[in-house]
Every structure is written in C-alpha cells, then in structure tokens.
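# Chain and residue survey
Chain by chain, the residues:
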Amino acid sequence: MDEYTKRLEKIEAELKQWLPQNNEKVIGRIFGNDKKEINAESLGALFDPLHDILVRGGKRWRPLLMTLICETIGGGDSSLPLAPLVEFSHNASLIHDDIEDDSDQRRGKPAIHQIYGLDTAINSGSFFYFMSSCCIEAFSGENKEEIYRAWGEHMRRLHMGQAMDIRWHNNIKFTPEIDEYYFMCGLKTGSLARLAAELGVYTAGISDKVKTAEASRLLSDASEKLGIGFQILDDVKNLTTGIPGKKSKDDIVEGKKSLPVTLYLHKHPEKRDKIFYCIYEAKTNGASVPEADEMLELLRESGVMEEAEEKARALLQEARVVFGRDDYAGVPAGKEGRSLLDGLIVNIS
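Our subject in this report is the structure included herewith.

Here is what the cut-offs are and how they apply
Counting from 1, residues in each chain are numbered in the order their sequence is written. Under the rules for a predicted model, residues below a pLDDT of 70 receive no local features and side-chain atom pairs below 80 are neither given nor counted, while totals for whole chains, interfaces and linings still include all residues. Water and hydrogen atoms play no part in the side-chain values, which are based on all heavy atoms of the structure. Here a helix means four or more residues in a row that DSSP labels H or I, a strand means two or more in a row labelled E, and each is numbered from the N terminus. When accessible area is computed with a 1.4 Å probe and restricted to protein chains, residues below 20% of their type maximum are described as buried, those above 50% as exposed, and intermediate ones as partly exposed. Contact definition: two residues touch when any of their heavy atoms are within 4.5 Å. Shrake-Rupley sampling with a 1.4 Å probe provides the accessible areas, and residues are treated as covered by the protein chains on show and by no other component. Counting rule applied: Lys, Arg positive; Asp, Glu negative; His and chain ends not counted. To locate a charge, take NZ of a lysine, CZ of an arginine, CG of an aspartate or CD of a glutamate. In this description, a nonpolar core means a group of buried Ala, Val, Leu, Ile, Met, Phe, Trp, Tyr and Cys residues linked to one another through side-chain atoms lying within 4.5 Å. In this analysis, axes come from line fits to C-alpha atoms, helices being fitted only over the stretch in contact, and the angle between any two N-to-C directions falls in the range 0 to 180 degrees. Working rule for angles: under 35 degrees goes down as roughly parallel, over 145 as roughly antiparallel, 65 to 115 as roughly perpendicular, anything else as oblique. Crossing handedness is read from the near helix: turned anticlockwise from the far helix by less than a right angle, it gives a left-handed crossing, and turned clockwise, a right-handed one.

## With respect to the overall build of the protein
Of regular secondary structure, the protein possesses 18 helices and four strands. Its C-alpha atoms give the protein principal-axis dimensions of about 60 × 55 × 35 Å. A burial count over the protein gives 54% of its 349 residues as buried. Expressed as a percentage of contacts within the protein between residues at least 6 apart in sequence, the contacts between residues at least 24 apart total 74%. A total accessible area of about 15,300 Å² is found for the protein, and carbon and sulfur atoms account for 50% of it. Seen as two clouds, the 45 positive and the 57 negative side-chain charges of the protein have centres 2 Å apart.

## Section: the nonpolar core
Phe 47, Leu 65, Ile 69, Phe 128, Ile 232 and Phe 323 are the most contacted members of the largest nonpolar core, which has 109 residues in total. The element contributing the most residues to this core is helix α12 (residues 209-239), with ten residues. Here Ile 232 is in contact with Tyr 181, Tyr 182, Leu 259, Ala 308, Ala 312 and Leu 315, once residues within four sequence places are set aside.

## Let's talk about the packing of helix α1 (residues 3-17) against helix α4 (residues 61-72)
Packing of α1 against α4 brings their axes to within 10 Å, and their N-to-C directions diverge by 110 degrees. In terms of orientation, α1 lies roughly perpendicular with respect to α4. Between α1 and α4 lies a crossing whose hand is right-handed. The segment α1 lies against α4, with Tyr 4, Arg 7, Leu 8 and Ile 11 engaging Pro 63, Leu 64, Thr 67, Leu 68 and Glu 71.

Okay, here's the thing in structure tokens:
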C-alpha cells in the first residue's frame, strides 16, 4: 500500500470517530450529559451538512502535513487524534467561504448552502469550528495549553485574512499592494498550514521546551509558505485550466484580487479601469459575459500567470529546503519522514 494512503486512512478513521451517526458515546462527548432531547432529526439538521462535505473528499494535506511532521521528529502517530482539529476547521471555512462568495459548487457538487439552505449551512459551518475543540478536550497527550493557544490564534488569523479578501473583492476598484496580497494569503490560507505544523511539533513528545518552540517556529514558517504557494497555484489554475469541482471563472465573478490579477493591475495601471469594468460585468451578469473572457485574455497575454506560478514554486521550494534538513532547530529529523514531506509538497503542487 502507498505510504500516503496508509496515513490518509488513519486520518479518515479519526475524522469519522467524531461524526455521531447515532453513536451515544460521541454525542455525549460533544454535548455533555444533557442530550436526552437531542433526537435523530435534530442531529441530522446539524451534522448532515458536515458529513456531506467531508465525504466528498479533499486532499487532506493539512492533517497529513501535521502527522508527517510529528512522525519525522520521532512522535509516531501521537498527533493523529488532532486530525479533526485541522480538517474540521478547514471544512468549516469552506462552507462559510462558499456562502460569502455565493458559490454554486464545491468538490463537484452543489455548495452546502445550495442544498441545505443558508441558515442551516451557517449554523453547521460555525458548529464545525466549535466541534473541532472537542478533540483537544479528549486529547490525552502533553502541551494541551499550547494546542489550545495555537488553535485559537490561527482561527483568529484565518478570519482576519478572510475579512481582507472580502473587503478587496467587494470594492471592485481596490488594488492591494503585492506585499498586502502575501500577508492576506498568509493569514487566510497559511494559518491552517501553520497550525498543522505546530500541532505536529507539540505532540511529538520533545522534552526540551526551547527546542520545541524553535522547531515549531521553523516548521510553521515553512508550512505557511507551503500554504501560500498552494493558494497561488490554485488561483492560477482557476484562471487557466480550471479547478475540478468548481465552476470556471469563479474568481472573476467573485472579483477576487488573486495574485495574477494583482500583478496585472500593478504592471498595467493604464488598464485598471478596463479590468474593473470586466469584473463589474462578471459580478453583475455572470461568467458567460464576454467581458470575463476579455479579462482572461488580457491576463494570459501579459505573462502574469507564468509569473505568479513562478513565485508560487519559489515559495514551495523554500519550504522543501526546510523540510529536507537533517534537523529542525536541533531536533533530529528522520530520513523517511523528510522524504514523505518532500513528496507531499510535490503532490499538492
């Protein structure tokens, strides 16, 4: 069996443990003892959307990153119980992101709010965040205080990044600086990658607190670069080949100031009004308007797609250099784990 598949199967098993499916023990762990009036219909209203988005799949690279880091520095499978903390938080953000962007599809099917309604999707998405903390409460390992702190911090950072992204695409004529884009992306997409790395270190059982902190900082910085690079490549694919499971030109319709668009606006200030007009028409009338294709053509002809991809791959390479080290700030790194981390970066890019 493929080495990644073995680890992904373990991750899936952890995720399934926290979906009730009329399991009294799990319901008790989530809601406490006062659960007699929570019937199957009520549970379905809360958990059906969560189960739906999870079974659609996804790369699961964030919990895989966490478990590989833990394994590489000698922690074995000790981080596995925290897989839901990373993956549930990620899926919660997807449900809310699709509502905020008014997206039609996610992972090849209608977005959760399109199936279950806006009210149910908002409630279930929010609950997914809160349910993530249940696995911290159940975690029997060390550094629980650090785990709580890291989770809370990165959830706040994630939402700040989302707030910036929303403000930018709601203000059609706003042009972020290039550094602002990287900062936003580091918050919105990099936060969960940082969290995964920190959890991998905190659960590995390193006795030296100083080395733990230093290794965590080194690996979380590299993981943030991995997250940003992944997001940029995703943005480029949205505007070129398209992303499986999502509608073509979604980012144009949503008015996203992705890196290719931001680069173009800075390189061609004389074309800003044209780009803003194309975005307005696409947001107002949909992806089928000729202005959406016209904007795509301008971006493609300018070379910003290739430039954005080059910047993304440079970030991924920086992450690979760190993960490929013999030790992480004095913490020895196993050869097999380093190889698997390197392969993970290659696979998601």
